[in-house]
Amino acid sequence: MADDLFFIKPAPERSVRDPRTMKLLPKAGASKPQNAYWLRRAAAGDVVVTQSTQKTKKAKAK
């Protein structure tokens, strides 16, 4: 199951590395999965969430 995505930017005066690529999050921001790592960074104030993107799921008729 894929995680929902959200668009985040580093907080002012902060640098945050993507744990998968080990590259710094661009100052312009990027879409990232709403997983435990990025949610912790948001809660700690390291990143600012600018937009949430929710994936729509089709309901299966039984």
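Parameters at a glance
Numbering of residues starts from 1 in every chain and runs along the sequence as written. Only residues with pLDDT of 70 or above have their local features reported here, since the model is predicted, and side-chain atom pairs are shown and tallied only from 80 upward, although totals for entire chains, interfaces and linings are computed over all residues. Water and hydrogen atoms were dropped before computing side-chain values, which therefore reflect all heavy atoms in the structure. Each residue gets a pLDDT score, which is the predictor's confidence in that residue and runs from 0 to 100. Helix and strand assignments come from DSSP, with helices taken as H or I runs of at least 4 residues and strands as E runs of at least 2, each series counted from the N terminus. Whether two residues are in contact is decided by their heavy atoms: any pair within 4.5 Å suffices. Here a salt bridge means any side-chain nitrogen of Lys or Arg lying within 4 Å of a carboxyl oxygen belonging to Asp or Glu. Note on classification: 1.4 Å probe, protein chains only; a residue is buried when its accessible area is under 20% of the maximum for its type, exposed when over 50%, partly exposed between these limits. Stacked, tilted and edge-to-face are the three classes assigned to paired rings of Phe, Tyr and Trp, where Trp is represented by its six-membered ring and a pair needs centres within 6.5 Å; plane angles under 30 degrees give stacked, over 60 edge-to-face, the rest tilted. Charges are assigned to positions over rings by a cutoff of 6 Å between ring centre and Lys NZ or Arg CZ, combined with an angular limit of 35 degrees from the ring normal. Residue types Ala, Val, Leu, Ile, Met, Phe, Trp, Tyr and Cys, when buried and joined through side-chain atoms within 4.5 Å, form a set referred to as a nonpolar core.

Student: Lay out the confidence of the model for the protein chain in plain terms, naming residues and giving numbers.
Tutor: A low pLDDT score tells you not to read the predicted coordinates there in detail. Residue-level pLDDT values for the protein chain average 85, and 77% of them are 70 or greater. Helix α1 (residues 36–43) holds the highest mean pLDDT among the elements of the protein chain, 97, whereas strand β3 (residues 47–53) holds the lowest, 85.

Student: Talk me through the environment of Val47; I want residue IDs and the actual numbers.
Tutor: Following the sequence through the fold, Val47 ends up in strand β3. Sequence spacing of Val47 and Ala11 is 36 residues, and the spatial spacing of their C-alpha atoms is 4.7 Å. Among all residues touching Val47, those that are not within four sequence positions of it are Ile8, Lys9, Pro10, Ala11, Val16, Leu25, Trp38, Arg41 and Ala42.

Student: Which residues make up the pattern of salt bridges, and what values do they have?
Tutor: Applying the stated criterion across every chain yields a total of 3 salt bridges. Across the pair Asp46 and Arg41 runs a salt bridge, and its minimum N-O distance is 3.0 Å. According to the relative accessible area criterion, Asp46 is buried, its value standing at 16%. Each of Arg14, Arg41 and Asp46 takes part in a single network of salt bridges with overlapping partners.

Student: I'd like a description of the packing of aromatic side chains, backed by residues and values.
Tutor: Enumeration according to the criterion identifies 1 aromatic pair in this entry. Above the ring of Tyr37, the side-chain terminus of Arg41 is found at 5.4 Å from the ring centroid.

Student: Summarise the nonpolar core; cite the residues concerned and give the values.
Tutor: In this structure, Phe6, Ile8, Val16, Leu25, Ala30, Trp38 and Val47 together form the largest nonpolar core, which totals 7 residues. With sequence-adjacent residues up to four places away left out, Trp38 is seen in contact with Phe6, Ile8, Val16, Arg17, Asp18, Pro19, Leu25, Lys32, Pro33 and Val47.

Student: Account for the environment of Lys27, naming residues and giving values.
Tutor: Of note, Lys27 is situated in the loop between β1 (5–10) and β2 (30–33). The exposure class assigned to Lys27 is exposed, which follows from its relative accessible area of 78%. The spatial distance from the C-alpha of Lys27 to the C-alpha of Ser15 is 8.5 Å, given a sequence separation of 12 residues. Excluding its chain neighbours within four sequence positions, the residues that come into contact with Lys27 are Lys9 and Pro10.

Student: Before we move on, can you summarise unusual backbone geometry with the specific residues and values?
Tutor: A positive phi angle, close to 65°, is found at Glu13, a residue other than glycine. With respect to the element layout, Glu13 can be found in the loop between β1 and β2. On the accessibility criterion, Glu13 (84% relative accessible area) is exposed. Phi at Met22 is positive, roughly 65°, even though this residue is not glycine. Along the chain, Met22 falls in the loop between β1 and β2.

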